[in-house]
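Each chain, written out:
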Amino acid sequence: MKALRFHAARDLRLEDIPAPERNPLPGQVLVRNRFVGICGTDLHEYAYGPIFIPKTPHPYTGAHGPQILGHEFGGVVTAIGEGVTNVQPGDRVSIQPLIMPRAGDYYAGRGQFHLSPQLALAGLSWARGGMAEEAIVHDYNVEKIPDELTDEEAALVEPTAVAVYSCDRGGVQAGSSVLVTGGGPIGLLTLLAARAAGATTLFLSDLNDARLAFARTVLPDIVTINPKRENVGAVVRAGTDGQAGCDVALECVGNEHALKACLDAVRKQGVVVQTGLHPHENPLDWFQVTFKDVDLRGAWAYPTHYWPRVIRLIASGALPAAKAVTARIRLEDAVAQGFEALLDPAGRHLKILIDLVA
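Residues numbered from 1 in each chain as written. Predicted model: local features only at pLDDT ≥ 70, side-chain atom pairs only at ≥ 80, totals over all residues. Heavy atoms only, no water.

How should the packing of helix α1 (residues 40-48) against helix α11 (residues 334-343) be read in this particular structure?
In a pair of packed helices, the angle between the axes and the distance between the axes together describe the arrangement. With their axes 10 Å apart at the nearest point, α1 and α11 run at an angle of 95° to one another. One way to sum up the angle between α1 and α11 is to call them roughly perpendicular. Along its contact with α1, which presents Asp42, Leu43, Tyr46 and Ala47, the element α11 presents Val335, Phe339, Glu340, Leu342 and Leu343. Of the residues contributing to the contact of α1 with α11, the split by class is 7 nonpolar, no polar and 2 charged. (Axes fitted to C-alpha atoms, helices over the stretch in contact; angles between N-to-C directions. Helix = DSSP H or I, 4+ residues; strand = E, 2+ residues; numbered from the N terminus. Parallel < 35°, antiparallel > 145°, perpendicular 65-115°, else oblique. Contact = heavy atoms within 4.5 Å. Nonpolar A, V, L, I, M, F, W, Y, C, P; charged D, E, K, R; others polar.)

Below, the structure written as structure tokens:
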């Protein structure tokens, strides 16, 4: 079968590799992949990796390079192993890609599987991923989707789960005022998740005017800010009750200037959530953290039990995740029209989906 595999930074190869076994092991599921998204994590691996891709066999899964990329995907079940009861061949599914011990682990015992120190991900540290014609995953990695959810939307559940969890960590609720820094796919999905949670005043900060303009086509009433020309905190304070600042600031870039802008823009006793992954330490004004009495929280991935909830949000139309998609490409074109296009600082694309049957 065809698979896009990571060999080294700037070295992705479309290769013919053996297809998975037709008879999955007990507890495992064979999926014919349909759509897969290119994530910011995939871009970082391509540009600078390996980062999360193991250089030596992963301690839990044993996976190591060359790695099939892709952890935002869905497809159709074609075979199931012994003991699998949650899906049947022919079921359309979305993949929850986190792989970890289900018992015998402190966090597993608390149901916080995403916090396991042995965590692996399909498409990063598991032998199979979404940028291939087929994948083998565990039964707990597949969630049957309703007819109302399209095949494209099945591949958008994973990044949308990141966005929903970010809003949950921030305590976004009806009437909240929210700043999102970063107008990329996660930033836009986080705005949509905040609106779905009831936020009424939304601000978006980004250096890319094209992304700000695109966000306004999706949510016309948001206030967009380019930090090159405007002070983020000043704009947010001017647009909130009592000029106090926003209730919640969600940092979706992994950039020290964006995090500082969140701290400046949030009101006293507000909440700042760090969702984007920082590449290095960030010097923050801790006097302001104390003086403003704010909560500063991380948001790592998502609880694995979010899948049915996020599927309902998308399928109902309450969270129109497909609005983040700006291109659909073939696997053969993934490097030039996908990875390279998304790395272009002046690029116009947001979320690119790879159509695995095109």
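Having put the structure on the table, let's press on.
Is there a simple way to think about the environment of aspartate 295 in this case?
Tracing the sequence through the fold places aspartate 295 in strand β16 (residues 295-298). Residue classification places aspartate 295 among the partly exposed positions, given a relative accessible area of 35%. In this structure, the C-alpha to C-alpha distance between aspartate 295 and glycine 270, residues 25 residues apart in sequence, is 6.4 Å. Residue contacts for aspartate 295: discarding those within four places in its chain leaves Gly270, Val271 and Val272. There is a polar contact of 2.8 Å between the side chain of aspartate 295 and the side chain of arginine 297. (Buried < 20%, exposed > 50% of the residue type's maximum accessible area, 1.4 Å probe, protein only. Polar contact = N/O pair within 3.5 Å; in protein donor to acceptor, adjacent residues only side chain to side chain.)

I'm lost on the nonpolar core in this one. Help?
In summary, soluble globular proteins display a tendency toward joint burial of nonpolar side chains. If you look at the biggest cluster of nonpolar residues, it comprises 92 residues, and the most contacted ones within it are Met131, Val178, Phe339 and Ile354. The contacts of valine 178, once residues within four sequence positions are left out, are Val172, Ala194, Ala199, Thr201, Leu202, Phe203, Cys246, Val248 and Leu250. Grouped together as the second largest cluster of nonpolar side chains are 18 residues, Ile225, Val266, Val272 and Val289 included. (Core = buried A, V, L, I, M, F, W, Y, C linked by side-chain atoms within 4.5 Å.)

What exactly am I supposed to notice about the pattern of salt bridges here?
When their charged atoms lie close together, side chains carrying opposite charge are able to pair. All told, the structure shown has 20 salt bridges when counted by the stated rule. A salt bridge links glutamate 72 to lysine 351; the shortest N-O distance between them is 2.7 Å. Placement of glutamate 72 in strand β5 (residues 72-80) and of lysine 351 in strand β18 (residues 351-355) is noted, with a sequence separation of 279 residues between them. A relative accessible area of 2% means that lysine 351 is categorised as buried. Taking the shortest distance from any N to any O, the salt bridge between aspartate 168 and arginine 309 comes out at 2.7 Å. Placement of aspartate 168 in helix α4 (residues 157-170) and of arginine 309 in helix α10 (residues 307-316) is noted, with a sequence separation of 141 residues between them. Overlapping salt bridges, with partners in common, bring together Arg34, Arg92, Asp151 and Asp355 in one network. (Salt bridge = Lys/Arg side-chain N within 4 Å of Asp/Glu carboxyl O.)

Quick question: what am I supposed to make of the pairing of β16 here?
The side chains of a regular strand alternate between both faces of the sheet. In terms of strand pairing, strand β15 (residues 266-274) meets β16 through 4 bridges, oriented parallel. Each bridged residue has a counterpart across the sheet, and for valine 273 the counterpart in β16 is arginine 297. Between β15 and its parallel partner β16, the chain crosses via helix α9 (residues 286-291), and the hand of that crossover is right-handed. (Pairing = 2+ DSSP bridges. Right-handed = clockwise from strand over helix to strand, strands pointing away.)

Such coordinate-based values are descriptive only and should not be taken to indicate function.
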